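Summary of the model geometry
Chain by chain, the residues:
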Amino acid sequence: MSPDTASDTQAAATAPGGGTTTMTYRDAMRAAIREAMQRDPRVFLMGEDVGRYGGCYAVSTGLLEEFGPERIRDTPLSESAFVGAGIGAAMGGMRPIVEIMTVNFSLLALDQIVNNASTLRHMSGGQCGVPLVIRMATGAGRQLAAQHSHSLEGWYAHIPGLKILAPGTVEDARYMLQPALDDPDPVLIFEHATLYNAEGPVRDLAGDYDPWRAAVRREGGDVTLITYGGTLGRTLEAAEALKEDGIAAEVIDLRSLRPLDDATIMESLRKTRRAVIVDEGWKSGSLSAEITARIVEQAFWDLDAPIQRVCSAEVPIPYPRHLEQAAVPQPGRIVAAAKATLGRD
Amino acid sequence: MAPDTHKPRLSRAHLLEVLRQMLRIRHFEEKCAELYQQEKIRGFLHLYIGEEAVAVGAMRALEPEDAVVATYREHGHALARGVPMTAVMAEMYGKAEGCSGGRGGSMHLFDAERRFFGGNAIVGGGLPLAIGLALSDKLAERPRVTACFFGEGAVAEGEFHESMNLAALWKLPVLFICENNYYAMGTALERSESQTDVHLKAQAYGMPAEAVDGMDVVAIEAAALGAAAAVRAGEGPRFLECRTYRFRAHSMFDPQLYRDKAEVEEHRKHGPLVRFLGWIKEAGLLHQEDVDRLEQEIAKEIDEAVAFAEAGEWEPVETLTRHVYAEEAAS
Ligand SMILES: Cc1ncc(C[n+]2csc(CCOP(=O)(O)OP(=O)(O)O)c2C)c(N)n1
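Residues numbered from 1 in each chain as written. Chains lettered and ligands numbered in written order. Predicted model: local features only at pLDDT ≥ 70, side-chain atom pairs only at ≥ 80, totals over all residues. Heavy atoms only, no water.

Per an unreviewed UniProt entry, chain B goes by the name Pyruvate dehydrogenase E1 component subunit alpha and belongs to Ferruginivarius sediminum. UniProt, in its Subunit (unreviewed entry) section for chain B, records the words "Heterodimer of an alpha and a beta chain." For the record of chain B, the UniProt heading Catalytic activity (unreviewed entry) holds the text "N(6)-[(R)-lipoyl]-L-lysyl-[protein] + pyruvate + H(+) = N(6)-[(R)-S(8)-acetyldihydrolipoyl]-L-lysyl-[protein] + CO2". (UniProt positions renumbered as here; feature names shortened; annotations may be inferred.)

Next up, the structure:
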């Protein structure tokens, strides 16, 4: 496997000669919803305060005026009922986008997601699919304390029957929705709440876009940093800091948490022989544990050092800024973990 | 809703105390808004301005051994329950001297000693807890009340309906107090409920329930006293729907695209303080000097609370993983 293969992952998505626009993550998400609604009359958006309020993170601002209250549907505070209604509507032939304000409130809809959305196809012997998209914000970092700071996408990635996407760049925020809607099965999209204001480039893509493959966001030969979503930025910062110390870190953005793109991870490890996994979720029983296990199963003999994990401290997220920041992964901890794999400090 | 003509006879001390509590909350909240602009308070901040009469009136019906469960809009409830303003303000800052050790912030004020079981930030999340607190009193045969405050937005949640049923079915000593301010974030009540008379939902579960003028602190106190007495006497749960209004944004992030400024202004004219002050002055029960004196005392109390919070300590990072499990060994 040549080291160049990794960059092909990115290159595959580039339209030759395509233009690039700069926008915010929030605007990218809104553009994706608009486009999907214009394209397909079966698509509608429903959730709490998506209409008149304009979306709790202002993603859907202006869409009510454009598409009307039937298709931009404000719901009462009834997460279980409207997520279930989304599942039913998908079975009935619609293509719903259900917005749950945050992953924290998705816990009130867990029964519908885990007992219905993920199982209906199987229980019905393949007769009933659920082509549904559920979007929600996730993550800590805004001093919202324990009940509003969960990172539970890894939990959802535990469930067969669900697919999980986590756009970590503005470009992915712009493009991941359509393939999620095109998918015959339920797809959950996790948008890290600290990303909505982030600005970034969005290339014009010529249809050749695959959200299910991991992307190599930075190439390097010394250590592989594996992350996604909200911690991608901090991981790239860490990679930059490592460069100062003469360490070339490769950064993999998982993008899809289920299915996981094992091939891209193992390919990188064959080159770097060292892995650090960065995840805002807690360590115990987690996505980072799953990735660790897969590396051990598939690339054990390629490793030169124990795998390192940089995750959130095993504590509900506290309110004060200094404690919250200490609880979640930071560039400094990522740098230290990467150096540890190289036997340096 | 009864007009103001049915005011019971209240002592001067009683009136002063009610006014004092409402003013304390109003000015505390105004201070918090200021401190939020200065980034002393962070995260979500939900102000209670406009709704003071509900917490102040209802809390007067409670005894020290009763329990209180509230939402993320709970600063007023904590203050009216007697949680010291210093400890509340320190919590807003996230300082170790705060009433939740700084861990909770604005949405999670706790004070076990005063049986104040939190600010819950999941809509509807407090109701089942209140049921359980009441169940423990029932099982232990303690004549206590658990007061559970929540917004009208919560009545759309399954947890509301499950709790109504359990409370009524098991005749649990809960006093439910729905603070109907007509908006759940940007969603007006009539856009989210097929039945907008919220108390009828409780009645449907066989629970005595009534609507109360939530801008009239005296009416709320009277209704709460009656309801709490019935609950304490073992007659099962009671439900009060207090019709009020939120004068400020839902939180500090809310641009309020969903309602007219004129609507807010109209409600302000009939706010709980305007109403109460108008009544007591007109009836000659209190005088401007009384109000001025209260204002001065409260300004001082707030200054002291801010100074206390400013002087407070940040918990050291070394203890980050404290309070996940009990610190005493299992017995
Ligand atoms: C289960 C759940 N869903 C959504 C939210 C986000 N949210 C917080 S407050 C709120 C509005 C609640 O309105 P209401 O119950 O009327 O209380 P108010 O804020 O008006 O006091 C919403 C939607 C939440 N905290 N919990």
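For the rest of this paragraph, the subject is the pattern of salt bridges. Applying the stated criterion across every chain yields a total of 49 salt bridges over all chains. Close ionic contact of Arg135 of chain A with Glu191 of chain A constitutes a salt bridge, the shortest N to O distance being 2.7 Å. Residue Arg135 of chain A is found in strand β5 (residues 133-138), and its partner Glu191 of chain A is found in strand β7 (residues 187-192); the two are separated by 56 residues along the sequence. Arg135 of chain A gets classed as buried once you look at its relative accessible area, which sits at 2%. We note a salt bridge from Arg144 of chain B to Asp137 of chain B, for which the minimum N-O separation is 3.7 Å. A cluster of three or more residues bridged by salt bridges with shared partners is formed by Asp172, Arg217, Asp253 and Arg255 of chain A. (Salt bridge = Lys/Arg side-chain N within 4 Å of Asp/Glu carboxyl O. Helix = DSSP H or I, 4+ residues; strand = E, 2+ residues; numbered from the N terminus. Buried < 20%, exposed > 50% of the residue type's maximum accessible area, 1.4 Å probe, protein only.)

Moving on, we come to the side chain of Asp111 of chain B. Residue and element names in this part refer to chain B. Tracing the chain through its elements places Asp111 in the loop between α4 (85-93) and β2 (116-120). Assessed through its relative accessible area of 10%, Asp111 is described here as buried. Dropping the residues within four chain positions of it, Asp111 is found in contact with Val83, Pro84 and Phe116. (Contact = heavy atoms within 4.5 Å.)

The next subject is the environment of Gly281 of chain A. Residue and element names in this part refer to chain A. Relative to the assigned elements, Gly281 resides in strand β13 (residues 275-282). A relative accessible area of 6% means that Gly281 is categorised as buried. Along the sequence, Gly281 and Gly126 sit 155 residues apart, while their C-alpha atoms lie 33 Å from each other. Those residues in contact with Gly281 that sit more than four places away from it in its chain are Ser151, Cys311 and Ser312.

Now for the interface of chain B and chain A. In this complex, chain B contributes 40 residues to the contact, which on the side of chain A involves 28 residues. Overall, the association of chain B and chain A removes approximately 3000 Å² of surface from exposure, summing both partners, and the carbon and sulfur fraction of that is 65%. Ranking the residues of chain B by area buried against chain A places Ile122, Met185 and Leu320 of chain B at the top, with a combined share of 19%. The interface formed by chain B and chain A contains 0 salt bridges. Inspection of the region where chain B meets chain A yields 9 residue pairs in polar contact (both at pLDDT 80 or more). (Buried area = accessible area lost by both parts, 1.4 Å probe. Polar contact = N/O pair within 3.5 Å; in protein donor to acceptor, adjacent residues only side chain to side chain.)

Every buried residue of helix α6 (residues 110-117) of chain A is accounted for by Gln112, Ile113 and Ala117 of chain A. Buried residues along α6 of chain A cover an arc of 95° about the axis, so they all sit on one side. (Arc of directions from axis to C-beta.)

Residues and elements named next belong to chain A. Segmenting chain A into domains produces domain 1 (18-203) and domain 2 (215-341). Once you take the C-alpha centre of each, domain 1 and domain 2 turn out to be 26 Å apart. Listed per partner, the contact involves 30 residues of domain 1 and 24 residues of domain 2. In total, domain 1 and domain 2 occlude about 2000 Å² of area from one another, counting both sides; carbon and sulfur atoms represent 55% of this. For the interface between domain 1 and domain 2, the tally reads 2 salt bridges. The salt bridge partner of Arg255 is Asp172, with a shortest N-O separation of 2.8 Å. There are 16 residue pairs in polar contact (both at pLDDT 80 or more) connecting domain 1 and domain 2. Elements with a contribution of two residues or more to the side of domain 1 that touches domain 2: α8 (153-156) and β6 (163-165). Broken down by element, the residue count for the side of domain 1 that touches domain 2 peaks at 3 residues, all from β6. (Domains from an automatic or database assignment.)

For the rest of this paragraph, the subject is the sheet that holds β5 of chain A. Residues and elements named next belong to chain A. The 7 strands are arranged β3-β2-β4-β5-β7-β6-β12 in an open sheet whose pairing can be described as mixed. Edge positions in the sheet fall to β3 (72-74) and β12 (256-258), since each has one partner strand and no second. Sheet twist, expressed as the average angle between the axes of neighbouring strands with direction ignored, equals 20°. Here 2 bridges tie β6 to β12, and the two strands are oriented antiparallel to one another. Following the sheet pairing, Leu165 is matched in β12 by Ser256. (Pairing = 2+ DSSP bridges. Axes fitted to C-alpha atoms, helices over the stretch in contact; angles between N-to-C directions.)

What follows covers the packing of aromatic side chains. The final tally for this structure, using the stated rule, is 16 aromatic pairs over all chains. Arranged with centres 5.7 Å apart and planes meeting at 40°, the rings of Tyr156 of chain A and Phe190 of chain A form a pair that is tilted. In this pair, Tyr156 of chain A sits in helix α8 while Phe190 of chain A sits in strand β7, placing the two residues 34 residues apart along the sequence. Using a relative accessible area of 1% as the deciding quantity, one classes Tyr156 of chain A as buried. We classify Phe190 of chain A as buried; its relative accessible area is 2%. Seen from their ring centres, Phe300 of chain A and Trp301 of chain A are 4.9 Å apart, and the 85° between their planes marks the pair as edge-to-face. Following the ring pairs from residue to residue traces out a cluster consisting of Tyr53 of chain A together with Tyr183, Tyr245, Phe247 and Tyr258 of chain B. Note that Lys163 of chain A overlies the ring of Trp212 of chain A, its terminal NZ or CZ placed 5.3 Å from the centroid. (Phe/Tyr/Trp six-rings, centres within 6.5 Å; stacked < 30°, edge-to-face > 60°. Lys NZ or Arg CZ within 6 Å of the ring centre and 35° of its normal.)

Further remarks concern the site of the ligand. Taken together, the neighbourhood of the ligand is formed by 22 residues, with Glu79 of chain A together with Tyr72, Arg73, Gly153 and Asn181 of chain B sitting nearest. At the site occupied by the ligand, the surrounding residues belong to chains A and B. Within the side chain of Arg73 of chain B, one N or O atom sits 2.8 Å away from an oxygen atom of the ligand. Burial of the ligand by the surrounding chains reaches 97%, relative to a free accessible area of 570 Å². When its residues are assigned to classes, the shell around the ligand shows 12 nonpolar, 5 polar and 5 charged. (Near = heavy atom within 4 Å. Areas by Shrake-Rupley, 256 points an atom, 1.4 Å probe, with all protein chains shown as cover. Nonpolar A, V, L, I, M, F, W, Y, C, P; charged D, E, K, R; others polar.)

Residues and elements named next belong to chain A. Of all the 6 residues making up β5, 6 are buried; the element is thus mostly covered by neighbouring parts of the structure. Here β5 shows no split at all, with Val133, Arg135 and Ala137 on one side and Ile134, Met136 and Thr138 on the other all buried. Sheet topology places strand β4 (residues 95-102) next to β5; 5 bridges connect them, and they run parallel. Paired with Ile100 across the strands is Met136, a residue of β5. Pairing between β5 and β7: 6 bridges, direction parallel. From the neighbouring strand, Arg135 faces β7, where its bridge partner is Ile189.

Residue and element names in this part refer to chain B. Mapped onto the fold, Glu113 is located in the loop between α4 and β2. Among the residues examined, Glu113 registers a relative accessible area of 69% and is labelled exposed. When the C-alpha positions of Glu113 and Ile131 are compared, they lie 19 Å apart, and in sequence the two are 18 residues distant.

On to unusual backbone geometry, then. Here Arg258 of chain A and Pro259 of chain A are connected by a cis peptide whose omega angle stands at 0°. Structurally, the position occupied by Pro259 of chain A is in the loop between β12 and α12 (262-272). With a phi angle near 65°, Arg255 of chain A is a residue other than glycine that sits in the positive phi range. With respect to the secondary-structure elements, Arg255 of chain A resides in the loop between β11 (249-253) and β12. Taking the relative accessible area as the measure of exposure, Arg255 of chain A reaches 7% and is therefore buried. Of note in the backbone geometry, Glu39 of chain B takes a positive phi value of approximately 60° without being a glycine. By secondary structure assignment, the location of Glu39 of chain B is in the loop between α1 (12-37) and α2 (52-59).

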